[in-house]
Amino acid sequence: MKVLVISDIHANLTALETVLADADEYDTVWCLGDLVGYGPDPNECIDLVRGLSNLVCILGNHDAAALKQIGVEAFNPDAQRSVLWMQEQLSSKNVAFLKGLPEKVVLGEVTIAHGSPRKPVWEYILDVFTATINFESFDTPYCFVGHTHVPLEYRLIEGRNLALMSYPEPKSTHTLIPRTIINPGSVGQPRDRDPRAAYALFDTETSIWESRRVEYDIITVQDRMRSEGFPTRHIERLSVGW
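This write-up is about the structure you can find in this document. The model shown is predicted, which means the values in this text are computed figures rather than measured ones.

## A look at the packing of aromatic side chains
Here is step 1 of the chain: Taken as a whole and judged by the stated rule, the model has 9 aromatic pairs.
Here is step 2 of the chain: Taking the centre distance of 6.0 Å and the plane angle of 40° together, the rings of W30 and F144 count as tilted. Of this pair, W30 sits in strand 2 (residues 28-31) while F144 sits in strand 6 (residues 142-144); the two residues are 114 residues apart in sequence, bridging distant segments of the chain.
Here is step 3 of the chain: An aromatic cluster is defined as three or more aromatic residues linked by ring pairs; in this entry it consists of W30, Y142, F144, F202 and W209.
Here is step 4 of the chain: Here the basic side chain of R179 rests over the ring of F138, its NZ or CZ set 4.4 Å away from the ring centre.

## Overview of the pairing of strand 1 (residues 2-6)
Here is step 1 of the chain: Within strand 1, 4 of the 5 residues are buried, which leaves it mostly tucked inside the rest of the structure.
Here is step 2 of the chain: Bridging between strand 1 and strand 11 (residues 197-203) involves 4 bridges; their strand directions are antiparallel. The partner of V3 across the bridge, within strand 11, is F202.
Here is step 3 of the chain: As defined by bridge partners, strand 1 adjoins strand 2 across 4 bridges and the pair is classed as parallel. Across the sheet, residue V3 finds its bridge partner in strand 2, namely T28.
Here is step 4 of the chain: Once the chain exits strand 1 it traverses helix 1 (residues 13-23) before rejoining the sheet at strand 2, and the crossover so formed is right-handed.

## A short note on the side chain of H62
Here is step 1 of the chain: Looking at where H62 falls in the secondary structure, it is placed in helix 3 (residues 61-66).
Here is step 2 of the chain: Aside from chain neighbours lying at most four places away, what touches H62 is H10, D34, V36, G37, Y38, F75, V83 and M86.

Cut-off values and rules
- Residues numbered from 1 in each chain as written.
- Predicted model: local features only at pLDDT ≥ 70, side-chain atom pairs only at ≥ 80, totals over all residues.
- Heavy atoms only, no water.
- Phe/Tyr/Trp six-rings, centres within 6.5 Å; stacked < 30°, edge-to-face > 60°.
- Helix = DSSP H or I, 4+ residues; strand = E, 2+ residues; numbered from the N terminus.
- Lys NZ or Arg CZ within 6 Å of the ring centre and 35° of its normal.
- Buried < 20%, exposed > 50% of the residue type's maximum accessible area, 1.4 Å probe, protein only.
- Pairing = 2+ DSSP bridges.
- Right-handed = clockwise from strand over helix to strand, strands pointing away.
- Contact = heavy atoms within 4.5 Å.

As C-alpha coordinates, this is what we get:
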(Lines give C-alpha, C1' and ligand atoms only; values in the text may rest on other atoms or scores of the structure.)
Protein backbone atom coordinates (compact mmCIF):
# COMPACT_ATOMS: atom_id res chain seq x y z
CA MET A 1 0.00 0.00 0.00
CA LYS A 2 1.30 3.43 -0.95
CA VAL A 3 0.77 6.05 1.76
CA LEU A 4 0.88 9.82 1.33
CA VAL A 5 2.32 11.19 4.58
CA ILE A 6 1.60 14.87 5.25
CA SER A 7 1.95 17.07 8.31
CA ASP A 8 1.73 20.66 9.49
CA ILE A 9 -0.42 22.03 6.69
CA HIS A 10 -1.11 25.11 8.79
CA ALA A 11 -4.02 26.49 6.81
CA ASN A 12 -1.93 26.86 3.64
CA LEU A 13 -4.34 25.71 0.94
CA THR A 14 -2.03 26.55 -1.97
CA ALA A 15 0.77 24.38 -0.57
CA LEU A 16 -1.65 21.54 0.21
CA GLU A 17 -3.18 21.53 -3.27
CA THR A 18 0.28 21.54 -4.83
CA VAL A 19 1.40 18.59 -2.70
CA LEU A 20 -1.69 16.56 -3.56
CA ALA A 21 -1.16 17.20 -7.25
CA ASP A 22 2.56 16.40 -7.05
CA ALA A 23 2.01 13.17 -5.11
CA ASP A 24 -0.15 11.85 -7.94
CA GLU A 25 -1.10 8.25 -7.07
CA TYR A 26 -1.45 6.85 -3.55
CA ASP A 27 -3.80 4.49 -1.72
CA THR A 28 -4.28 6.28 1.58
CA VAL A 29 -3.38 9.50 3.38
CA TRP A 30 -1.89 9.75 6.85
CA CYS A 31 -2.07 13.32 8.16
CA LEU A 32 0.07 13.96 11.23
CA GLY A 33 -1.82 16.99 12.53
CA ASP A 34 -1.82 20.78 12.55
CA LEU A 35 -4.22 21.32 9.71
CA VAL A 36 -4.74 24.87 10.96
CA GLY A 37 -2.80 27.74 12.52
CA TYR A 38 -0.54 30.42 11.00
CA GLY A 39 -2.08 30.35 7.51
CA PRO A 40 -5.08 32.08 5.88
CA ASP A 41 -7.18 29.07 4.78
CA PRO A 42 -8.24 27.00 7.81
CA ASN A 43 -11.71 25.98 6.62
CA GLU A 44 -10.57 25.29 3.08
CA CYS A 45 -7.74 23.05 4.26
CA ILE A 46 -9.94 21.05 6.60
CA ASP A 47 -12.60 20.69 3.91
CA LEU A 48 -10.03 19.33 1.48
CA VAL A 49 -8.34 16.97 3.95
CA ARG A 50 -11.51 15.46 5.37
CA GLY A 51 -12.70 14.76 1.84
CA LEU A 52 -9.65 12.66 0.98
CA SER A 53 -10.20 8.94 0.46
CA ASN A 54 -8.90 6.49 3.06
CA LEU A 55 -7.81 9.27 5.39
CA VAL A 56 -6.24 8.76 8.81
CA CYS A 57 -5.74 12.07 10.61
CA ILE A 58 -4.56 12.91 14.10
CA LEU A 59 -4.72 15.98 16.33
CA GLY A 60 -1.97 18.60 16.40
CA ASN A 61 -1.35 21.32 18.97
CA HIS A 62 -2.79 24.07 16.76
CA ASP A 63 -5.83 21.91 16.09
CA ALA A 64 -6.23 21.53 19.85
CA ALA A 65 -5.84 25.30 20.27
CA ALA A 66 -8.60 25.85 17.72
CA LEU A 67 -10.82 23.76 19.98
CA LYS A 68 -9.67 25.78 23.03
CA GLN A 69 -8.18 22.61 24.52
CA ILE A 70 -4.89 24.50 24.76
CA GLY A 71 -4.93 28.09 26.04
CA VAL A 72 -3.50 30.87 23.89
CA GLU A 73 -1.01 31.68 26.66
CA ALA A 74 0.90 28.56 25.63
CA PHE A 75 1.90 30.30 22.37
CA ASN A 76 4.11 33.29 21.59
CA PRO A 77 2.33 36.64 20.94
CA ASP A 78 2.29 36.30 17.15
CA ALA A 79 0.98 32.75 17.35
CA GLN A 80 -1.66 33.89 19.85
CA ARG A 81 -3.01 36.30 17.24
CA SER A 82 -3.19 33.45 14.76
CA VAL A 83 -5.01 31.18 17.21
CA LEU A 84 -7.60 33.79 18.14
CA TRP A 85 -8.27 34.61 14.48
CA MET A 86 -8.56 30.91 13.66
CA GLN A 87 -11.06 30.28 16.45
CA GLU A 88 -13.34 32.93 14.95
CA GLN A 89 -13.07 31.54 11.42
CA LEU A 90 -13.74 27.83 11.80
CA SER A 91 -17.13 26.50 10.73
CA SER A 92 -19.11 24.28 13.08
CA LYS A 93 -18.62 21.24 10.83
CA ASN A 94 -14.86 21.70 10.85
CA VAL A 95 -14.79 22.17 14.62
CA ALA A 96 -16.66 18.87 14.86
CA PHE A 97 -14.11 17.22 12.57
CA LEU A 98 -11.20 18.39 14.71
CA LYS A 99 -12.96 17.24 17.88
CA GLY A 100 -13.12 13.72 16.47
CA LEU A 101 -9.38 13.41 15.82
CA PRO A 102 -7.35 11.01 18.00
CA GLU A 103 -3.97 11.96 19.45
CA LYS A 104 -2.12 8.79 18.46
CA VAL A 105 -2.89 5.86 16.16
CA VAL A 106 -1.22 2.52 15.42
CA LEU A 107 -1.43 1.46 11.77
CA GLY A 108 0.14 -1.95 11.31
CA GLU A 109 3.88 -1.48 11.78
CA VAL A 110 3.62 2.30 12.21
CA THR A 111 2.63 4.52 15.13
CA ILE A 112 1.64 8.04 14.15
CA ALA A 113 1.57 11.07 16.45
CA HIS A 114 1.88 14.79 15.94
CA GLY A 115 4.57 15.69 18.46
CA SER A 116 5.91 12.45 19.90
CA PRO A 117 4.61 9.02 20.91
CA ARG A 118 5.25 9.94 24.55
CA LYS A 119 3.37 13.27 24.50
CA PRO A 120 1.47 13.17 21.21
CA VAL A 121 0.15 16.71 20.93
CA TRP A 122 2.88 18.96 22.24
CA GLU A 123 6.37 17.45 22.66
CA TYR A 124 9.01 18.34 20.05
CA ILE A 125 11.55 15.73 18.96
CA LEU A 126 14.50 17.86 17.92
CA ASP A 127 17.47 16.09 19.52
CA VAL A 128 18.78 12.59 20.06
CA PHE A 129 18.12 12.64 23.81
CA THR A 130 14.39 13.31 23.40
CA ALA A 131 14.19 10.84 20.53
CA THR A 132 15.90 8.07 22.49
CA ILE A 133 13.50 8.42 25.41
CA ASN A 134 10.53 8.29 23.06
CA PHE A 135 11.42 4.86 21.71
CA GLU A 136 10.09 3.52 25.02
CA SER A 137 6.63 4.92 24.20
CA PHE A 138 5.83 2.86 21.09
CA ASP A 139 6.20 -0.82 20.19
CA THR A 140 5.94 -0.71 16.40
CA PRO A 141 9.01 -0.79 14.11
CA TYR A 142 8.35 2.78 12.97
CA CYS A 143 6.87 6.01 14.29
CA PHE A 144 5.91 8.98 12.10
CA VAL A 145 5.74 12.43 13.73
CA GLY A 146 5.43 16.07 12.69
CA HIS A 147 5.37 19.26 14.79
CA THR A 148 8.97 20.45 14.22
CA HIS A 149 8.43 21.37 10.55
CA VAL A 150 11.84 19.80 9.82
CA PRO A 151 12.42 16.49 7.98
CA LEU A 152 14.36 14.38 10.49
CA GLU A 153 15.05 10.71 11.10
CA TYR A 154 16.15 8.96 14.29
CA ARG A 155 17.28 5.33 14.37
CA LEU A 156 17.71 3.27 17.53
CA ILE A 157 20.47 0.75 16.99
CA GLU A 158 21.11 -2.16 19.33
CA GLY A 159 24.18 -1.59 21.44
CA ARG A 160 24.03 2.21 21.28
CA ASN A 161 22.84 4.39 24.14
CA LEU A 162 21.56 7.19 21.91
CA ALA A 163 19.62 7.20 18.68
CA LEU A 164 21.32 8.29 15.46
CA MET A 165 19.93 11.45 13.83
CA SER A 166 19.97 12.19 10.11
CA TYR A 167 18.35 14.59 7.66
CA PRO A 168 16.73 12.84 4.68
CA GLU A 169 17.76 14.48 1.44
CA PRO A 170 14.98 16.14 -0.59
CA LYS A 171 13.71 13.86 -3.35
CA SER A 172 15.52 10.86 -1.88
CA THR A 173 14.36 7.28 -1.36
CA HIS A 174 15.55 4.80 1.26
CA THR A 175 14.31 1.78 3.16
CA LEU A 176 13.38 2.38 6.78
CA ILE A 177 15.05 0.05 9.26
CA PRO A 178 13.40 -0.85 12.58
CA ARG A 179 13.38 1.04 14.87
CA THR A 180 12.95 4.46 13.37
CA ILE A 181 11.21 7.75 14.19
CA ILE A 182 10.83 9.91 11.09
CA ASN A 183 9.35 13.32 10.29
CA PRO A 184 8.21 14.21 6.73
CA GLY A 185 8.54 17.95 7.32
CA SER A 186 5.85 20.58 6.86
CA VAL A 187 3.47 21.11 3.96
CA GLY A 188 2.51 24.66 4.82
CA GLN A 189 5.34 26.21 6.84
CA PRO A 190 8.75 24.53 6.42
CA ARG A 191 11.45 25.53 8.91
CA ASP A 192 14.57 23.92 7.49
CA ARG A 193 15.62 26.87 5.30
CA ASP A 194 13.89 25.28 2.30
CA PRO A 195 10.61 27.05 1.49
CA ARG A 196 9.31 24.24 -0.70
CA ALA A 197 6.40 22.20 0.69
CA ALA A 198 7.60 18.94 2.25
CA TYR A 199 5.87 15.57 2.35
CA ALA A 200 6.64 11.86 1.95
CA LEU A 201 5.43 8.67 0.34
CA PHE A 202 5.68 5.38 2.25
CA ASP A 203 5.30 1.85 0.94
CA THR A 204 3.92 -0.38 3.69
CA GLU A 205 5.07 -3.58 1.96
CA THR A 206 8.70 -2.64 1.33
CA SER A 207 9.12 0.04 4.05
CA ILE A 208 10.51 2.39 1.41
CA TRP A 209 10.30 6.05 2.41
CA GLU A 210 10.45 8.72 -0.29
CA SER A 211 11.11 12.29 0.84
CA ARG A 212 9.72 14.93 -1.49
CA ARG A 213 9.76 18.73 -1.88
CA VAL A 214 7.69 20.81 -4.27
CA GLU A 215 7.57 24.52 -5.06
CA TYR A 216 4.24 26.33 -4.68
CA ASP A 217 2.96 29.87 -5.20
CA ILE A 218 4.11 31.43 -1.93
CA ILE A 219 3.35 35.00 -3.00
CA THR A 220 -0.39 34.42 -3.34
CA VAL A 221 -0.49 32.89 0.14
CA GLN A 222 1.39 35.87 1.55
CA ASP A 223 -1.05 38.25 -0.16
CA ARG A 224 -3.99 36.52 1.53
CA MET A 225 -2.20 36.71 4.87
CA ARG A 226 -1.55 40.44 4.47
CA SER A 227 -5.18 41.07 3.61
CA GLU A 228 -6.16 39.49 6.94
CA GLY A 229 -3.56 41.47 8.91
CA PHE A 230 -1.40 38.50 9.84
CA PRO A 231 1.88 39.05 11.73
CA THR A 232 4.74 40.08 9.44
CA ARG A 233 6.96 37.31 10.81
CA HIS A 234 4.50 34.62 9.77
CA ILE A 235 4.23 36.10 6.29
CA GLU A 236 7.94 36.54 5.64
CA ARG A 237 9.04 33.16 6.96
CA LEU A 238 7.29 31.36 4.09
CA SER A 239 9.73 32.88 1.59
CA VAL A 240 12.84 31.44 3.22
CA GLY A 241 11.58 28.43 5.14
CA TRP A 242 12.41 29.32 8.72
